[in-house]
Amino acid sequence: MQKLTTWLWFDTEAEKAAEFYTSVFPDARDTDVSYYGEAGPRPAGTVMTVSFELLGREFVALNGGSDHKIEGVGVSFMVDCESQEEVDRYWSKLADGGQEIACGWVTDRYGVSWQIVPKRLRELMADPDRAKAQRVTAAMLQMTKIEIEELERAAASA
């Protein structure tokens, strides 16, 4: 068991959210479902939590009621992508029903914020040639979804 588990609070959408997230990520899986009993606060037999794994990390979706909402970009999950194809795949799935923000950030249909970031962006931004790194940063700041080809063009321009 990992020491740090992410919990996501939903009103009644925990099962649908877990199904959605496990459909987005390869090798994802549901690991457990628990139900409310007679003690409540929801009707007995109602799904309370759905545990699932994404990229080897444990998450728990809780049907906790409408008291709390997942919203804003104050907390996000960064997905480190190897290729533009991987960026495009995660972006299209997570943005479906959600909101594209900027600079690789997207909020999904449940209000969870994600950063879909190609490794190449981080490499270029860490380049010892600070002028090159700044051109890449400036290009990235103009993007919604990160496009590796455009980053490479910015890096190569002088």
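Definitions and limits used
Residues numbered from 1 in each chain as written. Predicted model: local features only at pLDDT ≥ 70, side-chain atom pairs only at ≥ 80, totals over all residues. Heavy atoms only, no water. Helix = DSSP H or I, 4+ residues; strand = E, 2+ residues; numbered from the N terminus. Axes fitted to C-alpha atoms, helices over the stretch in contact; angles between N-to-C directions. Left-handed = near helix turned anticlockwise from the far one by under 90°. Contact = heavy atoms within 4.5 Å. Nonpolar A, V, L, I, M, F, W, Y, C, P; charged D, E, K, R; others polar. Buried < 20%, exposed > 50% of the residue type's maximum accessible area, 1.4 Å probe, protein only. Expected span 1.5 Å × (residues − 1). Arc of directions from axis to C-beta. Phe/Tyr/Trp six-rings, centres within 6.5 Å; stacked < 30°, edge-to-face > 60°. Lys NZ or Arg CZ within 6 Å of the ring centre and 35° of its normal. Parallel < 35°, antiparallel > 145°, perpendicular 65-115°, else oblique.

(A) Representation of unusual backbone geometry. The omega torsion across Gly-40 and Pro-41 is 5°, close enough to zero to call that bond cis. Along the chain, Pro-41 turns up in the loop between strand E2 (29-35) and strand E3 (47-54). One non-glycine residue, Asp-27, adopts positive backbone phi at about 60°. Within the secondary structure, Asp-27 sits in the loop between helix H1 (14-24) and E2. Its identity is not glycine, yet Leu-55 carries a phi of approximately 50°, on the positive side.

(B) Focus on the packing of helix H4 (residues 130-141) against helix H5 (residues 148-156). With their axes 8 Å apart at the nearest point, H4 and H5 run at an angle of 145° to one another. As H4 runs across H5, the sense of the crossing is right-handed. Residue-level inspection shows Lys-132, Arg-135, Val-136, Ala-139 and Met-140 of H4 in contact with H5, the latter providing Leu-151, Ala-154 and Ala-155. Looking at the contact of H4 with H5 residue by residue, the class counts come to six nonpolar, no polar and two charged.

(C) H1, seen in detail. By the burial criterion, the buried members of H1 are Ala-14, Ala-17, Ala-18, Phe-20, Tyr-21, Thr-22 and Val-24. Where the residues of H1 are buried, they touch strand E1 (6-10), E2, E3, strand E4 (57-63), helix H2 (84-95) and strand E8 (113-118).

(D) Seen up close, H2. Compared with the 16 Å implied by 1.5 Å per residue over 12 residues, the 16 Å span of H2 between its first and last C-alpha is a close match. The complete set of buried residues in H2 reads Gln-84, Glu-86, Val-87, Tyr-90, Trp-91, Leu-94 and Ala-95. Taken end-on, H2 shows its buried residues confined to a sector of 155°, consistent with a single buried face. Contact partners of the buried residues in H2: H1, strand E5 (76-81), strand E6 (99-100), strand E7 (105-107), E8 and H5.

(E) Quick peek at the packing of aromatic side chains. The final tally for this structure, using the stated rule, is 11 aromatic pairs. Taking 5.4 Å as the distance between ring centres and 40° as the angle between the ring planes, the aromatic pair formed by Phe-25 and Trp-114 counts as tilted. Here Phe-25 is found in the loop between H1 and E2, whereas its partner Trp-114 is found in strand E8, with 89 residues between them in sequence. A single burial state applies to Phe-25 and to Trp-114, both of which are buried. Taken together, the aromatic side chains of Phe-10, Phe-20, Tyr-21, Phe-25, Phe-52, Phe-59, Phe-77, Tyr-90, Tyr-110 and Trp-114 make up a single cluster linked through ring pairs. Seen from the ring of Tyr-90, Arg-89 lies directly overhead, with NZ or CZ sitting 5.0 Å from the centre.

(F) Geometry of the packing of H1 against H2. Contact geometry of H1 with H2 gives a least axis separation of 10 Å together with a crossing angle of 165°. Of the possible angle classes, the one that applies to H1 and H2 is roughly antiparallel. The interaxial crossing formed by H1 with H2 has right-handed handedness. Note on element contacts: H2 touches H1 through Tyr-90, Lys-93 and Leu-94, opposite Phe-20, Ser-23 and Val-24. Looking at side-chain class alone, the contact of H1 with H2 contains four nonpolar, one polar and one charged residues.

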